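Fold and geometry: a report
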2 protein chains.
Amino acid sequence: MNLPGPFRTISTDRAEVASGRLRYTDILMPSEKLQLIPLGGLGEFGMNCLALRYGDDIIVIDAGLMFPEEELLGVDIVVPDISYLIENRDKVRAILLTHGHEDHIGGLPWILSELNVPVYGTEFTLAYVEGKLDEHRLLDDADLIELQPGRRVTIGPFSVMPIRVTHSLVDCVALAVHTPVGIVLHTGDFKIDLSSPDGHPFDLQAFADLGKQGVLCLLQDSTNVDRPGFTPGEKAVIPRLDDIFAAAPRKLFFSCFSSSIHRMKIAMDLAHKHGRKVALIGRSIDNSAEIAQDLGYLEPPPGLLINPGQIRDYAPNQLCILISGTQGEPMSALSRAAVDNHKHAKIDPGDTVLLSSRIIPGNEKAIYRVIDHLERRDARVISDDGTNGLIHVSGHGSQEELRMMINLVRPKFFVPVHGDYRHLKRHIELAKATGVPEKVILLEDGEVLTLDKDHAEKTGKVTTGRVCIDNNSTADVVGDTVIRDRKHLGADGLFLPIIAINRATGEVEGMPEITTRGFAADDPELLRNARDIVVRTLESSNDVERRDYGVIKDKIRADLKRFLQKNANRRPMIMPIILEI
Amino acid sequence: MNLPGPFRTISTDRAEVASGRLRYTDILMPSEKLQLIPLGGLGEFGMNCLALRYGDDIIVIDAGLMFPEEELLGVDIVVPDISYLIENRDKVRAILLTHGHEDHIGGLPWILSELNVPVYGTEFTLAYVEGKLDEHRLLDDADLIELQPGRRVTIGPFSVMPIRVTHSLVDCVALAVHTPVGIVLHTGDFKIDLSSPDGHPFDLQAFADLGKQGVLCLLQDSTNVDRPGFTPGEKAVIPRLDDIFAAAPRKLFFSCFSSSIHRMKIAMDLAHKHGRKVALIGRSIDNSAEIAQDLGYLEPPPGLLINPGQIRDYAPNQLCILISGTQGEPMSALSRAAVDNHKHAKIDPGDTVLLSSRIIPGNEKAIYRVIDHLERRDARVISDDGTNGLIHVSGHGSQEELRMMINLVRPKFFVPVHGDYRHLKRHIELAKATGVPEKVILLEDGEVLTLDKDHAEKTGKVTTGRVCIDNNSTADVVGDTVIRDRKHLGADGLFLPIIAINRATGEVEGMPEITTRGFAADDPELLRNARDIVVRTLESSNDVERRDYGVIKDKIRADLKRFLQKNANRRPMIMPIILEI
């Protein structure tokens, strides 16, 4: 089966792979000018990463990941190609983080393993980063430096002032980078919430001050540029959630994004008010809540929190269960509870399941599948249908907030960030219509914007792109197991388990079959054993799971990955194929 | 490469495959009772199909298809398992169609090729059916009988009265089936539109009459059960569309569902008003418009329509181009125009592209990708963002319309149809809350509801399920080529072309590789040639297409399918795999 495949030719040198692209920058870079070089997030959602260069000094704002498009089956995450930073590794001074969401910090392990530079972030952001780096065994060697809103830090020719903004996560900042040619203001993700549940409102005054000082260039979040008006504050969900807590006749399962600390605080406050104990279920919710408690963002009254094992000790109407899995992720606690396969989270008739979240585009079918499972258990499912009062608010500013920021800081130049091409374009139109910026520039990944006090011009392109990563959660040794490029396919290949499932009965028909490509499978014993793994995974799943192909595929993938890594020291890309008959 | 795969064991007898299921029905069927047996559409969206049985007579309402979930890559369409009808083939008297949408008629070729019975439908519905059957070479043998609203037809013990309803398509009916135990009313898809653009409003009086006669059981469309209020009428889009026609500075591309005859009429009327010629682009739009013109639903004034080839003869602001592809389908005219690969549809800077449609869940990413391509060509894209006036309305009734129907016809029993489990469940709650039906029944596919004048009980189950079909559009001989079950994989197998694409450069790395399973590929020459086909397909695509994996996969699939059918007389399932490096 180990035929000569195309993958031998793939794992060529990165420089050679990218040889089709121009690289003017080293030639065109006059040392007295500033360059802005987006490496990710401009022309796509996710993997935000932007380099600022002045002479021989580079700082990087954010190091995010994105989740792969459906065409890239078998890939866990996607991170930006950082060839530009690697080529200039002697110049990179620091990575600065605006906040702790995955699309801003998720690429850090990948980048730090290539380029170990100091990382700056606020206390809460760094707590997330620590967990992530620890998981990847990169923490001991990392140099993490805390940012405090309102306190400047100097890094080479840059002096960076973090300014408090509000967002769905806590402890978020915009970064005002003072450079020799002027101030570059990067908003990060923000909305203008003046009554934030954590008591730290958006710092309007600081932005007004910047406006007085004069901002050379504003880089602003484009996510909600299509939405008219203002985004409601985080507290706007309280009235409806209060009603739901009051009305739930039995257990209340409350699901929100695990990083929604504000939302978890509101849920805990309401649970306390309505005499319900709170149990936390799901690794990501657990982890976030622990960090938030350590740092004082969550201060549940003594006795409010119980262990999942104690759920059985309380009457159903005395329980609120914070559970992860709003996006229908097949292995999440909520998805497993929905198919009656979670030890502690049992969905009984009359329970209420509240999805205090939005649907991220692309996840509709997975979410509706979970809702259908929940309804079959006779749970009442409440999701955001826009009709009955707010149960979720966006963390990103709408058009009026974007206009307000532009009017507050009055930038000379304007560059939209964070968005697909169409968002950047509409943001350009919005900014132009304010009449404030002298010039608006639609910059895309890899394009170099060169600035001095009076000019902003595109002057070239650098290599950018997406790197696909199989983010093995059972990592053991760094640099070997943790992060790997698709190029390693040349060594590790492609592994396709093929399973035929009878839709009518949910039974597997015949034996699973395994096809490989570029995988060193000269050992027929190994393939037989891998097949047995698939059979065992199928046998250990219940009927409902077997009919939910998303779940089945994820389980097969996880089990095979573990098996192949242990028994063959290989990490092929694993793509289960289900044939429904 | 032709290893013994699991598929040998798959193509067993259908009865054996389904042996795990109960079949009480023949035992429990007393001849004086009526049975309702949903074969599709109850517990899922799409493939609507419902059997009514009284003694030895069966009629079937609708014969739809559904589009596959993403897990079922490589499958074109899914149709209901009609084992029950085949087992009772001597009893099946007719198929009656409520309207011409694919989820109501798309399974007809499959069913008629197994079971050639008369098909009843309105004039417009039958025109769609004719085209479909002709394409599958089934038309000559088909017995198509026209239904007219208000005119009863008798089929065995059933007397069926079609009643005019309104929907996004024209010439739609509900079916009031008079049976020896009482009237069963099947609404079909409907909303209550009292100023339909075609001059045929919803027939309120007929439903009120039925209410007076007494309805035993109402089967009602659940699609919009989550929406409060009333669904706006089709004409509600005119004011905003009028503004858009007036304001478009250059060419106006107008994209809507090809079956939206009302919408096409409105577009043509507005084009005429604003002095624009209309060109039709796209096979499905062309086909629909032709039928609608033949039957008098579209009556464009002389000279309004031009051929696509004449587009160049007019100034941009004198043009309106009706184009198919609102869902981002990779091979649609709009998708191809967006990547500058359509002969007649050229998107120039300043053109307007209007998507007068909704996003069908699951298509978000494909649609946003097309919008991004259009924005890069500097077109202004207008899609339904819910903020600036209606450019699309649903064809399904909202909660108030569902309540109104129940109050008009006052059924003794109520069964929701057309929806996922959660829709059926909410519809049950809505119906119960009206206080009208004596009993509400949540029926799912395969469950048998047995009715007499006073009772409605579930009495058993029949085999149901989904059958996956590779719907080859280049069919030549019926019964051999047209429609095939996944089970044929045992003969035709699985064909996986694997292509590595460099994301940064858009170039293909190395040669495509082809993996097969259960495919009789003892001819290495054939595989080499197939590989050449893939190479040619890649070479003939432009850069933009090569970076859009949806497009690339569809093109490779189409070309390989044609090649394999012609050269090997095989129709394996083809699943291109793209590895991004």
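Each value, and the rule that gives it
Residues numbered from 1 in each chain as written. Chains lettered and ligands numbered in written order. Predicted model: local features only at pLDDT ≥ 70, side-chain atom pairs only at ≥ 80, totals over all residues. Heavy atoms only, no water. UniProt positions renumbered as here; feature names shortened; annotations may be inferred. Helix = DSSP H or I, 4+ residues; strand = E, 2+ residues; numbered from the N terminus. Contact = heavy atoms within 4.5 Å. Buried < 20%, exposed > 50% of the residue type's maximum accessible area, 1.4 Å probe, protein only. Polar contact = N/O pair within 3.5 Å; in protein donor to acceptor, adjacent residues only side chain to side chain. Pairing = 2+ DSSP bridges. Axes fitted to C-alpha atoms, helices over the stretch in contact; angles between N-to-C directions. pLDDT = per-residue confidence, 0-100. Parallel < 35°, antiparallel > 145°, perpendicular 65-115°, else oblique. Left-handed = near helix turned anticlockwise from the far one by under 90°. Nonpolar A, V, L, I, M, F, W, Y, C, P; charged D, E, K, R; others polar. Phe/Tyr/Trp six-rings, centres within 6.5 Å; stacked < 30°, edge-to-face > 60°.

Residues and elements named next belong to chain A. Per the UniProt record, "active site" (unreviewed entry) is annotated on Asp221 and His396. Considering the C-alpha atoms alone, the annotated residues occupy 176 residues of sequence yet fold into one spot, their largest mutual distance being 7.8 Å. With respect to the helices and strands, the residue aspartate 221 is situated in strand β13 (residues 215-221). Not counting residues within four places of it along the chain, the set of residues in contact with aspartate 221 comprises Thr187, Gly188, Asp189, Phe190, His396, Leu402, Val417, His418 and His427. Relative to the assigned elements, histidine 396 resides in the loop between β19 (380-382) and α13 (399-409). For histidine 396, a relative accessible area of 15% corresponds to the buried category.

Another aspect to go through is α13 of chain A. Spacing of three or four residues puts side chains on the same side of an α-helix, whose turn is 3.6 residues. All names here are of chain A. Residues of α13 that are buried include every one of Gln399, Glu401, Leu402, Met405, Ile406 and Val409, and no others. On its buried face, α13 is in contact with β12 (182-186), α7 (204-213), β13, β20 (411-417) and α14 (421-434). At the exit of α13 stands arginine 410, carrying a positive phi of roughly 45°.

Right, let's get into the side chain of glutamine 220 of chain B. Residues and elements named next belong to chain B. Note that glutamine 220 resides in strand β13 (residues 215-221). In this structure glutamine 220 comes out as buried when scored by relative accessible area, which is 0%. Within polar-contact distance, the side chain of glutamine 220 engages the backbone oxygen of leucine 402 at 3.3 Å.

Moving on to the sheet that holds strand β10 (residues 158-165) of chain A. Residues and elements named next belong to chain A. Pairing is mixed in the open sheet, where seven strands are placed in the order β9-β10-β11-β12-β13-β20-β22. Edge positions in the sheet fall to β9 (153-155) and β22 (439-440), since each of these pairs with one other strand and no more. Its contacts with the sheet put α14 on β13, β20 and β22, and the angle it makes with β20 is roughly 155°.

All right, on to the sheet that holds strand β14 (residues 252-255) of chain B then. Residues and elements named next belong to chain B. Read from one edge to the other, the open sheet built from six strands follows the order β16-β15-β17-β14-β18-β19, with strand pairing classed as parallel. With one partner strand each, in any of the chains shown, β16 (305-306) and β19 (380-382) form the two edges of the open sheet. With four bridges joining them, β14 and strand β18 (residues 352-355) adopt parallel strand pairing. If you follow serine 255 over to β18, its bridge partner there is leucine 355. The strands touched by helix α10 (residues 283-294) within the sheet are β15 (277-281), β16 and β17 (319-323), with β15 carrying the most contacts at an inclination of about 120°.

On to the pairing of strand β6 (residues 92-96) of chain A. All names here are of chain A. The buried fraction of β6 is high, at four of five residues. Inspection of the sheet shows strand β4 (residues 57-61) paired to β6 by four bridges, in the parallel sense. If you follow isoleucine 58 over to β6, its bridge partner there is valine 92. Sheet topology places β6 next to strand β7 (residues 119-122); two bridges connect them, and they run parallel. By the bridge assignment, leucine 96 is partnered in β7 with tyrosine 120.

All names here are of chain B. In the Ramachandran plot, aspartate 171 falls in the positive-phi region, its phi being about 55° despite a non-glycine side chain. Mapped onto the fold, aspartate 171 is located in the loop between β10 (158-165) and β11 (172-179). Of note, histidine 418 is a non-glycine position whose phi angle comes to about 60°, a positive value. For histidine 418, a relative accessible area of 4% translates into the label buried.

Quick look at the confidence of the model for chain A now. All names here are of chain A. Mean pLDDT over chain A stands at 86; residues scoring 70 or higher make up 87%. Counting interchain partners and residues more than four positions distant, the pLDDT-below-50 stretch residues 1-30 has 66 contacts. Within the model, pLDDT remains below 50 along residues 472-491, and this stretch shows 61 contacts once partners closer than five positions in the same chain are excluded. At the level of chain-chain contacts, confidence expressed as ipTM amounts to 0.72, with global pTM at 0.79.

All names here are of chain A. Following both chains from N to C, one finds α13 and α14 inclined at 50°, their axes separated by 10 Å at the closest point. Judged by the inter-axis angle, α13 sits oblique to α14. Along this stretch, α13 crosses α14, giving a crossing that reads as right-handed. Together, Gln399, Leu402, Arg403 and Ile406 of α13 and His427, Leu430, Ala431 and Thr434 of α14 make up the contact between the two elements. Tallied by class, the residues present in the contact of α13 with α14 amount to four nonpolar, three polar and one charged.

All names here are of chain A. Under the criterion given, the structure shown has 10 aromatic pairs over all chains. A ring pair is formed by phenylalanine 245 and phenylalanine 254, whose centres lie 6.1 Å apart and whose planes are at 45°; its orientation type is tilted. In this structure phenylalanine 254 comes out as buried when scored by relative accessible area, which is 0%. Members of the aromatic cluster, each reached through a chain of ring pairs, are Phe124, Tyr128 and Tyr297.

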